[in-house]
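Residues per chain are reported as follows:
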Amino acid sequence: MQRGKFKKSKEFFVETKMGIVTQTGDWFHTTSEHIEAFAPGLLDNVSLEALIKEAQAWVASPGSLSLIILYALLFVINPWLAAPIVLGFHWFWHHYKSGFVIRGAGNFLRFLNSDGFLFVIAFFALSVLGFQQQYAATGIGILFFFLMKLGLLRKAWEKLEESRKSDGLTLNDRVLKMVIIKRGMYEDRAPSDIEKMEERFKDLALNRKKGKR
């Protein structure tokens, strides 16, 4: 991470010249100055912290939603069928969630993403499955819990993305872009030039990658 001038917000994220990084390690390649330039007045109505928290909730949502769907499916279909269905859903949602961004859904997603909620859901589902002697379903449920909580599946998809050498927006930046657009439209502060905003995202992402070399 580039040191120098930065802003902290209750240790949830750090803003640098190279972009914004959250305490969970999620990068967004923009700054408050860039957001203000493309959506003038938006940060007067919506704080930068609120925008980043909402975007980060969407970024983290594939794991929590996949677990919830898995634990529901394990009670109604064969566990060996439920597993690939959830793998497919996780891949789809990880890559295309930005197309489903809804203003204000961040609070609900943060609740679903919370450790407390997921631990309760996992404990209840795995306990019932174990009591019913559904050992294959229980084992798959435990395996997926660790895959999602440790972010191993997400890391696998990201490795595949890196190998493609894409010059487009990162998945995180796509989400933040949609959050900014949705919030901007609601506050009547919609970005004036989407293409230039995207180019700025790409420039910072490229500069950060060069800085790692």
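Relevant structure appears above.
Residues numbered from 1 in each chain as written. Predicted model: local features only at pLDDT ≥ 70, side-chain atom pairs only at ≥ 80, totals over all residues. Heavy atoms only, no water.

A. Spatial organisation of the pairing of strand S3 (residues 19-22). A two-sided burial pattern is seen for S3, the buried positions comprising Gly19 and Val21 on one face and Ile20 and Thr22 on the other. The sheet contact formed by strand S2 (residues 13-16) and S3 spans four bridges and is antiparallel. Bridge pairing in S3 places threonine 16 opposite glycine 19. The turn joining S2 and S3, which pair antiparallel and follow one another in sequence, is formed by two residues. Taking the residues that link successive antiparallel strands as the turn, the S3-strand S4 (residues 27-28) hairpin has four residues, and the phi of glycine 25 there is positive, at about 90°. (Buried < 20%, exposed > 50% of the residue type's maximum accessible area, 1.4 Å probe, protein only. Helix = DSSP H or I, 4+ residues; strand = E, 2+ residues; numbered from the N terminus. Pairing = 2+ DSSP bridges.)

B. Focus on the packing of aromatic side chains. Tallied over the entire structure, the rule returns 10 aromatic pairs. Pairing tryptophan 91 with tyrosine 96 gives two aromatic rings, centres 5.9 Å apart and planes at 65°, and the pair type is edge-to-face. Seen from their ring centres, phenylalanine 145 and phenylalanine 146 are 5.8 Å apart, and the 85° between their planes marks the pair as edge-to-face. Joined through ring pairs, the aromatic side chains of Trp58, Phe89, Trp91, Phe92, Trp93, Tyr96 and Phe100 make up one cluster. Of note, lysine 53 hangs over the ring of phenylalanine 12, and the distance from its end group to the ring centre comes to 5.6 Å. (Phe/Tyr/Trp six-rings, centres within 6.5 Å; stacked < 30°, edge-to-face > 60°. Lys NZ or Arg CZ within 6 Å of the ring centre and 35° of its normal.)

C. Structural context of the environment of phenylalanine 12. On the secondary structure map, phenylalanine 12 appears in the loop between strand S1 (7-8) and S2. Using a relative accessible area of 12% as the deciding quantity, one classes phenylalanine 12 as buried. Beyond its immediate sequence surroundings of up to four residues, phenylalanine 12 is in contact with Val21, Thr22, Gln23, Ile52, Lys53 and Gln56. (Contact = heavy atoms within 4.5 Å.)

D. Representation of the pattern of salt bridges within the structure. Counting across every chain of the model gives seven salt bridges. One salt bridge connects aspartate 26 with arginine 154, and the closest N-O pair in it is separated by 2.3 Å. Taken together, the residues span a long stretch of sequence, with aspartate 26 in the loop between S3 and S4 and arginine 154 in helix H8 (residues 152-163) at a distance of 128 residues. The closest approach of N and O atoms between arginine 154 and glutamate 158, which form a salt bridge, is 3.1 Å. Of the two residues, arginine 154 and glutamate 158 are both situated in helix H8; the distance of four residues between them amounts to about one turn of the helix. By sharing partners, the salt bridges in this structure join Asp26, Arg154 and Glu158 into a single network. (Salt bridge = Lys/Arg side-chain N within 4 Å of Asp/Glu carboxyl O.)

E. Geometry of the packing of helix H5 (residues 106-113) against helix H6 (residues 115-131). With their axes 5 Å apart at the nearest point, H5 and H6 run at an angle of 50° to one another. Compared by their axis directions, H5 and H6 come out oblique. Here H5 contributes Phe111, Leu112 and Asn113 to the contact with H6, which in turn contributes Asp115, Phe117 and Leu118. Looking at the contact of H5 with H6, its residues break down into four nonpolar, one polar and one charged. (Axes fitted to C-alpha atoms, helices over the stretch in contact; angles between N-to-C directions. Parallel < 35°, antiparallel > 145°, perpendicular 65-115°, else oblique. Nonpolar A, V, L, I, M, F, W, Y, C, P; charged D, E, K, R; others polar.)

F. Region of interest: unusual backbone geometry. Positive phi is not limited to glycine here, since glutamine 133 has a value of about 60°. Summarising the element assignment, glutamine 133 is placed in the loop between H6 and helix H7 (135-149). With a phi angle near 60°, aspartate 188 is a residue other than glycine that sits in the positive phi range. Residue aspartate 188 is classed as exposed on the basis of its relative accessible area of 64%.

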